[in-house]
Amino acid sequence: MKKSKGVSILGTGRIGGNYIDIVKNTPGAHLVSIAEPNQDIVQELKKENPDIEFVNDYREAIRNSEIEMVIGTLPHWLHMEAGIAAVREGKHVYMEKPLAVNYKQGKSMLEAAKRNNVKLMTAHTQRYFSVVRFIKELVNSNRLGSILMAHDIWHKPYHPYNRPNWMLDRSKGGGMGQMDGSHQIDRLLWILGNKISSVSAQIGQYTYPKETNPKISCDDTGMYFFRWENGVVATVTRMAWSKGATEYGADFFFTGGMAKFRIAYGEGPAQETAVYLAEKEAGTWEKQVVEINNPMLDEFRDFVKSLESDDEDTPVPQEHGLTVLKILEATEKSSELGQEIILK
């Protein structure tokens, strides 16, 4: 019988607390500790989890020999520092996206993991949504013919002054490009392939302009245009709005039909997680039967299984988190220069 792997959650943040139940419901893993300096959060979690050790500093957590892997849900600007510290202690790392604030930092993290013979995976969870998996399988099956183009959408309400300060500072990993754009890039790469040949983009701080919001130094809106080497193209629109309507999903256009998925975001009346196909001459959408899953649980379970099996790579390839950062930086460069960026 294989030994259960000890886990520490570094930070509870916006979603870190969710990982408590995820680890507890993952065969082959058990939760040893949580590193969280915010005592208001800790007091509540302690009541619910009396068997878990709580420490103030992630450095203390990673020194514990009982821990074999860590889940990083820290602010983006701490990903590199904590990730490298953890791999140097011989811990596998499951890092919430994005891998790092920029490509250079992410590359340093993966190099450190390789030197220390441990795995470092970016938890790009979008591919684990059942509706996204449905589209991936649809593309691979050629049921609707060849894929021609796609349009990925994430329009959501934005309340920046309810967010921690670092989320409003691009230099610390703030902004909707890092928050949402990285998700959108990830799922398009997974569905359509990694071989993007060029990137064009327009990005800005439009909803809460810098002139009237001097404390905000990050983007809230963006549009991307991607070309793949095989001729497929895709657009991405993301807008964090103060007045608008929420929409979260993507549309796909094939030689023999169309498909779209939507993921419920918020509690509005139109929010649903579903897939629709248009594959008949009637010109109507038909809702598909798709079982709703827990993507965060499924992804973490796969990560633990891959460690148990000593797989050569992780379920989300370790280099993938770096590829997402490369493309994200290309969108920023394109917007800054006002020109298309050719990827090498």
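Above this text sits the structure in question.
The rules we used
Residues numbered from 1 in each chain as written. Predicted model: local features only at pLDDT ≥ 70, side-chain atom pairs only at ≥ 80, totals over all residues. Heavy atoms only, no water. Phe/Tyr/Trp six-rings, centres within 6.5 Å; stacked < 30°, edge-to-face > 60°. Helix = DSSP H or I, 4+ residues; strand = E, 2+ residues; numbered from the N terminus. Buried < 20%, exposed > 50% of the residue type's maximum accessible area, 1.4 Å probe, protein only. Lys NZ or Arg CZ within 6 Å of the ring centre and 35° of its normal. Expected span 1.5 Å × (residues − 1). Polar contact = N/O pair within 3.5 Å; in protein donor to acceptor, adjacent residues only side chain to side chain. 1 Å grid on protein atoms, 1.4 Å probe; cavity = no way out; pocket = protein on both sides within 12 Å on 5 of 7 lines; lining within 4 Å. Points joined across faces, edges and corners; volume = space filled by probe spheres on them. Nonpolar A, V, L, I, M, F, W, Y, C, P; charged D, E, K, R; others polar. Pairing = 2+ DSSP bridges. Contact = heavy atoms within 4.5 Å. Axes fitted to C-alpha atoms, helices over the stretch in contact; angles between N-to-C directions.

**What about the packing of aromatic side chains?**
Taken as a whole, this structure holds 12 aromatic pairs when the rule is applied. Here Tyr 158 and Tyr 208 contribute two aromatic rings whose centre-to-centre distance is 5.6 Å and whose plane-to-plane angle is 80°, an arrangement assigned as edge-to-face. With Tyr 158 in the loop between β7 (147-157) and α7 (176-192) and Tyr 208 in the loop between β8 (196-204) and β9 (221-228), the pair connects residues that are 50 residues apart, well separated along the chain. A single burial state applies to Tyr 158 and to Tyr 208, both of which are buried. Positioned above the aromatic ring of Trp 154 is the side chain of Lys 156, whose terminal nitrogen or guanidinium carbon lies 5.1 Å from the ring centre. Lying across the ring of Tyr 276, Lys 260 places its NZ or CZ 5.4 Å from the centre.

**Brief notes about helix α5 (residues 103-115)**
Taking 1.5 Å as the rise per residue, α5 with 13 residues should run 18 Å; its terminal C-alpha atoms sit 18 Å apart, in good agreement. N-capping of α5 is provided by Asn 102, with a side-chain oxygen placed 3.2 Å from the backbone N of Lys 104. With its phi angle positive at about 60°, Asn 117 sits one or two positions after the end of α5.

**Topic: the layout of surface pockets**
As a volume, the second largest pocket reaches approximately 390 Å³. Forming the boundary of the second largest pocket are 17 residues, of which Ala 113, Lys 114, Val 118, Lys 119 and Gln 318 lie nearest the centre. Going through the elements one at a time, α5 and α9 (318-337) are the ones with two or more residues in the lining of the second largest pocket. Looking at which element gives the most residues to the lining of the second largest pocket, the answer is α5, with five residues. Grouping the constituent residues of the lining of the second largest pocket by class yields five nonpolar, three polar and nine charged.

**What to know about the sheet that holds β8**
Within the open sheet, the nine strands sit side by side as β14-β13-β12-β11-β7-β10-β9-β8-β15. Their pairing is mixed. The sheet is open, and its two borders are formed by β14 (286-287) and β15 (341-342), each paired with just one other strand. Here five bridges tie strand β12 (residues 257-262) to strand β13 (residues 274-278), and the two strands are oriented antiparallel to one another. Paired with Lys 260 across the two strands is Tyr 276, which belongs to β13. Most of the contacts of helix α6 (residues 130-141) go to β12, to which it runs at about 160°, and overall it touches β7, β11 (247-254), β12 and β13. This element, α7, spans β7, β8, β9, β10 (233-241), β11 and β12 of the sheet and lies at about 155° to β7.

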